[in-house]
Amino acid sequence: MKPAYTASAASTGDGRNGHVQSTDGLLDLDVRVPSEMGGPGGATNPEQLFAAGYAACFHSALKAVARKSGADTTDSEVVADVSVGDNGEGGFELAVQLEVTLPGLGADDARALAEQAHQVCPYSNATRGNIEVTLTLA
């Protein structure tokens, strides 16, 4: 692959209870273990950051495939729910649910467009075969 862009960020402090910052300074956040996982909460966490990135990336892929087919994406939305849990082997794993809203399309056309976006999106390509990713329509 010939990179078109490379993002770079560093984690300092105590990992999930530390700080993350992109090298360009645009991202500069404290991170905390969520209270649901026994942490202090009160700040973002890696799962929220992954969810935001996946939602934005998938939405862009959705818009791109829609442009090619002339599909209506007015008022479209993608919500990414990223879950983390015990994998039963002493580690953790992620699962993602992508909820796609395409109010200008019928269910069959919306499903087809979401499936096409799932083949184009770099996040989907990176996670395919590694974690469970479920597509749903709102």
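Everything here concerns the structure above.
Remember, predicted model here, so these are calculated numbers, not experimental data.

Participant: What should I look at first to understand the environment of Glu 99 in this one?
Facilitator: By the secondary structure assignment, Glu 99 is in strand β5 (residues 92-101). By relative accessible area, which is 30% here, Glu 99 ends up partly exposed. Spatially, the C-alpha atom of Glu 99 lies 5.6 Å from that of Val 78, the residues being 21 residues apart in sequence.

Participant: What is the right way to read helix α1 (residues 46-69) from this model?
Facilitator: An α-helical segment advances 3.6 residues per turn. Residues three or four places apart therefore align on the same side. If you check α1, its first and last C-alpha atoms are 35 Å apart, about what 24 residues at 1.5 Å a residue would give, namely 34 Å. Here the buried face of α1 lies against β4 (77-86), β5, α2 (107-120), α3 (122-127) and β6 (132-137). Immediately beyond the C-terminal end of α1, within one or two residues, lies Gly 70, with a positive phi of roughly 75 degrees.

Participant: What's the story with the side chain of Ser 22 in this structure? I'm lost.
Facilitator: Tracing the chain through its elements places Ser 22 in strand β2 (residues 17-22). On the accessibility criterion, Ser 22 (12% relative accessible area) is buried. Here the side chain of Ser 22 touches Asp 24 through a polar contact of 2.6 Å, side chain to side chain. Polar contacts involving the side chain of Ser 22 include one to the main-chain amide nitrogen of Leu 26, which spans 3.2 Å.

Reading guide: rules and limits
Residues numbered from 1 in each chain as written. Predicted model: local features only at pLDDT ≥ 70, side-chain atom pairs only at ≥ 80, totals over all residues. Heavy atoms only, no water. Helix = DSSP H or I, 4+ residues; strand = E, 2+ residues; numbered from the N terminus. Buried < 20%, exposed > 50% of the residue type's maximum accessible area, 1.4 Å probe, protein only. Expected span 1.5 Å × (residues − 1). Contact = heavy atoms within 4.5 Å. Polar contact = N/O pair within 3.5 Å; in protein donor to acceptor, adjacent residues only side chain to side chain.

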